Amino acid sequence: MAPDADIPYGTLDLMVLKTLDVMGPLHGYGIARRIEQVAQGSLALNQGTIYPALLRLEQKGWITSEWGASENNRRARFYEITRAGKKQLAAETESWQRTVAIVTRMLEHEP
């Protein structure tokens, strides 16, 4: 999944939800490329990584999907965040911000 970064379990779900919230409906390949772009080369996502995450998110009701045509006129499944997904994104974002603040304080703490 990552050239130089190990990410905690569930982080990819957060990244997918945020990508769909910002970009609107996208196919799986587009979602993966956008996450890689934002990560500036720190992550490399393949089909074996992104598609299980999309299936998991869809099963939870946080995203929906429908078939459509991609930019190069190929049949592709397009994913979109749901209202429940937006609520989950807000909750996960808040949780991550708290976690990052705690870790930052710990790392900056000097005896």
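Residues numbered from 1 in each chain as written. Predicted model: local features only at pLDDT ≥ 70, side-chain atom pairs only at ≥ 80, totals over all residues. Heavy atoms only, no water.

A.B. asks: Any details on the pattern of salt bridges? Residues and values, ideally.
C.D. replies: Across all of its chains, the model carries 4 salt bridges by this definition. D13 is the salt-bridge partner of R56, the closest N and O atoms lying 2.7 Å from each other. Of this pair, R56 sits in helix 3 (residues 47-59) while D13 sits in helix 1 (residues 11-23), placing them 43 residues apart in sequence. R56 sits in the partly exposed class, given a relative accessible area of 23%. A salt bridge links E94 to R98, with the nearest nitrogen and oxygen atoms 3.0 Å apart. Of the two residues, E94 and R98 both sit in helix 4 (residues 83-108), 4 residues apart, roughly one turn of that helix. Judged by its relative accessible area of 48%, R98 is partly exposed. (Salt bridge = Lys/Arg side-chain N within 4 Å of Asp/Glu carboxyl O. Helix = DSSP H or I, 4+ residues; strand = E, 2+ residues; numbered from the N terminus. Buried < 20%, exposed > 50% of the residue type's maximum accessible area, 1.4 Å probe, protein only.)

A.B. asks: Lay out the packing of helix 2 (residues 28-38) against helix 3 in plain terms, naming residues and giving numbers.
C.D. replies: Packing of helix 2 against helix 3 leaves a shortest axis separation of 10 Å and a crossing angle of 115°. Accordingly, the angle class assigned to the pair helix 2 and helix 3 is roughly perpendicular. Once helix 2 is placed against helix 3, the crossing between them reads as right-handed. Between helix 2 and helix 3, the residues in contact are G28, Y29, I31, A32 and I35 and I50, Y51 and L54, respectively. The residue makeup of the contact of helix 2 with helix 3, split by class, is 7 nonpolar, 1 polar and no charged. (Axes fitted to C-alpha atoms, helices over the stretch in contact; angles between N-to-C directions. Parallel < 35°, antiparallel > 145°, perpendicular 65-115°, else oblique. Left-handed = near helix turned anticlockwise from the far one by under 90°. Contact = heavy atoms within 4.5 Å. Nonpolar A, V, L, I, M, F, W, Y, C, P; charged D, E, K, R; others polar.)

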